[in-house]
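What follows is each chain in one-letter form.
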Amino acid sequence: MRLRPRSAIAVALVSLAGLVAFGWPLFVAPGAGLTQSGPASWLFVLMLPLLLLVALAEISEGGVDAKAIALLGVLGAIGAALRPLGTGVAGFEPMFFVLVLGGRVLGRGFGYLLGSVTMFASALLTAGVGPWLPFQLLGAAWVGFFAGCLPRLGGRAEIALLAAYGAVAAFFYGSLQDLALWPFATGVSTSIAYEPGAPVTTNLGRFVAFDLTTSLGFNVPRAVTTAVLVAVTGRPVLLALRRAARRAAFEAPVDFRRP
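The structure displayed is predicted, hence computed values, not measured ones.

Caption draft 1: Examining the overall build of the chain more closely. Counting its secondary structure elements, the chain contains eight helices and zero strands. Evaluated residue by residue, the chain yields a buried proportion of 47% over its 259 residues. Expressed as a percentage of contacts within the chain between residues at least 6 apart in sequence, the contacts between residues at least 24 apart total 79%. For the chain, the exposed surface amounts to about 12,800 Å²; the carbon and sulfur share of it is 71%.

The following block contains the structure:
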């Protein structure tokens, strides 16, 4: 399913808001008095209507019809059901391979919606609603979106590409979540703590050290789990999704005639 102009604008607006939300610690002035509850709560208020805007733009332009909504619900439910399986296990999050394969087959716009819907549903399922949820919604949406941007390949080359992308995307998803947490997770006396008003390069170096020190044991298993699941299940799942997409005929013109 193609990403149409209005949908592309909506995705760009949401992504721009997300980049600001993730990157503000690197550029905020000292003494700004920002807290995690402040930016995150405002982002949550902003994100929900913007995500709804993406869905409405897709529906109004014909990119998402009743069949696509049904498939979105099915895949989102599968991803939401898979996520609790990794609760309490470091880095084991099997839901990401659903986002990668779904975004690959059904396109960028669908992948974006799939990531956000899956994460939101899983948060409701696991009572994981909190100031971290907007950042998780954005990160998962980007995983699905960029899966739909990958070049066309076939056979084993496609599976290898998707497995490599899944590993990289899952790793950077974790790093993005660390970036959202970092300014509030360390004390001011540590060498990996956030320093308000410091140059971008200084704070970036501190963040990389923080990420490697605290989260490498989570990001690497998540990346490996996603890559292995894509490599093992990629071929049958891709075939099933493509068969469903062909039978659904999402972009086929509808012509009403008298019997």
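Caption draft 2: Fine view of the side chain of Gln 136. For Gln 136, the position within the fold is in helix 6 (residues 133-147). Note on Gln 136: relative accessible area 12%, which makes it buried. Apart from residues no more than four positions distant in its own chain, Gln 136 is found in contact with Arg 83, Met 119, Tyr 173 and Gln 177.

Caption draft 3: Broad picture of helix 5 (residues 108-125). With 18 residues, helix 5 should reach 26 Å at 1.5 Å per residue; the first-to-last C-alpha distance of 26 Å fits that figure. Within helix 5, burial applies to Gly 109, Phe 110, Gly 111, Tyr 112, Leu 113, Leu 114, Gly 115, Ser 116, Thr 118, Met 119, Ser 122 and Ala 123. Of the residues trailing helix 5, Ala 127 is marked for its positive phi of about 55°.

Caption draft 4: Region of the structure containing helix 4 (residues 96-106). In terms of burial, helix 4 is largely enclosed, as eleven of its eleven residues are buried. Regarding helix 4, the residues found buried are Phe 96, Phe 97, Val 98, Leu 99, Val 100, Leu 101, Gly 102, Gly 103, Arg 104, Val 105 and Leu 106. Here the buried face of helix 4 lies against helix 3 (66-82), helix 5, helix 6, helix 7 (155-181) and helix 8 (200-248).

Caption draft 5: Spotlight on the packing of helix 1 (residues 5-27) against helix 6. Axis separation between helix 1 and helix 6 bottoms out at 11 Å; the angle between their running directions is 130°. Compared by their axis directions, helix 1 and helix 6 come out oblique. The element helix 1 and its partner helix 6 pack so that their crossing is left-handed. Contacts between helix 1 and helix 6 involve Val 11, Val 14, Ser 15, Gly 18, Leu 19, Ala 21 and Phe 22 on the former and, on the latter, Phe 135, Leu 138, Trp 142 and Phe 145. Looking at the contact of helix 1 with helix 6, its residues break down into nine nonpolar, two polar and no charged.

Caption draft 6: Region of the structure containing a nonpolar patch on the surface. Where nonpolar side chains cluster on the molecular surface, the patch consists of Phe 27, Val 200, Leu 204, Val 208, Leu 212, Leu 216, Val 220, Val 224, Val 228 and Val 232 and spans about 850 Å² of accessible area. The element best represented in the nonpolar patch is helix 8, accounting for nine residues. Given a relative accessible area of 41%, Val 208 falls into the partly exposed group.

Caption draft 7: Local environment of the side chain of Arg 83. Its place among the elements puts Arg 83 in the loop between helix 3 and helix 4. Although Arg 83 lies buried, it forms no salt bridge, and the closest oppositely charged side chain, Glu 93, sits 4.1 Å away as judged by the N-O distance. For Arg 83, the side chain forms a polar contact with the side chain of Ser 122, separated by 3.1 Å. The contact partners of Arg 83, leaving out residues within four places of it in the chain, are Glu 93, Met 95, Met 119, Ser 122, Ala 123 and Gln 136.

Caption draft 8: Looking closely at the environment of Leu 138. Summarising the element assignment, Leu 138 is placed in helix 6. Each C-alpha atom of the pair Leu 138 and Tyr 173 lies 9.3 Å from the other, and the pair is 35 residues apart in sequence.

Caption draft 9: Region of the structure containing the packing of aromatic side chains. This model, assessed by the stated rule, comprises seven aromatic pairs. Look at Phe 22 and Trp 142: their rings are 5.8 Å apart centre to centre, the planes differ by 45°, and that puts the pair in the tilted class. Of the two residues, Phe 22 is situated in helix 1 and Trp 142 in helix 6; the sequence distance between them amounts to 120 residues. Summarising the burial analysis for this pair, Phe 22 and Trp 142 share the class buried. Among the aromatic residues, those joined into a cluster by ring pairs are Phe 22, Phe 135 and Trp 142.

Criteria and thresholds
- Residues numbered from 1 in each chain as written.
- Predicted model: local features only at pLDDT ≥ 70, side-chain atom pairs only at ≥ 80, totals over all residues.
- Heavy atoms only, no water.
- Helix = DSSP H or I, 4+ residues; strand = E, 2+ residues; numbered from the N terminus.
- Buried < 20%, exposed > 50% of the residue type's maximum accessible area, 1.4 Å probe, protein only.
- Contact = heavy atoms within 4.5 Å.
- Areas by Shrake-Rupley, 256 points an atom, 1.4 Å probe, with all protein chains shown as cover.
- Expected span 1.5 Å × (residues − 1).
- Axes fitted to C-alpha atoms, helices over the stretch in contact; angles between N-to-C directions.
- Parallel < 35°, antiparallel > 145°, perpendicular 65-115°, else oblique.
- Left-handed = near helix turned anticlockwise from the far one by under 90°.
- Nonpolar A, V, L, I, M, F, W, Y, C, P; charged D, E, K, R; others polar.
- Patch = residues over 30% accessible without salt bridge, like charges linked within 9 Å, V, L, I, M, F, W, Y side chains within 5 Å.
- Salt bridge = Lys/Arg side-chain N within 4 Å of Asp/Glu carboxyl O.
- Lys, Arg positive; Asp, Glu negative; His and termini not counted.
- Polar contact = N/O pair within 3.5 Å; in protein donor to acceptor, adjacent residues only side chain to side chain.
- Phe/Tyr/Trp six-rings, centres within 6.5 Å; stacked < 30°, edge-to-face > 60°.

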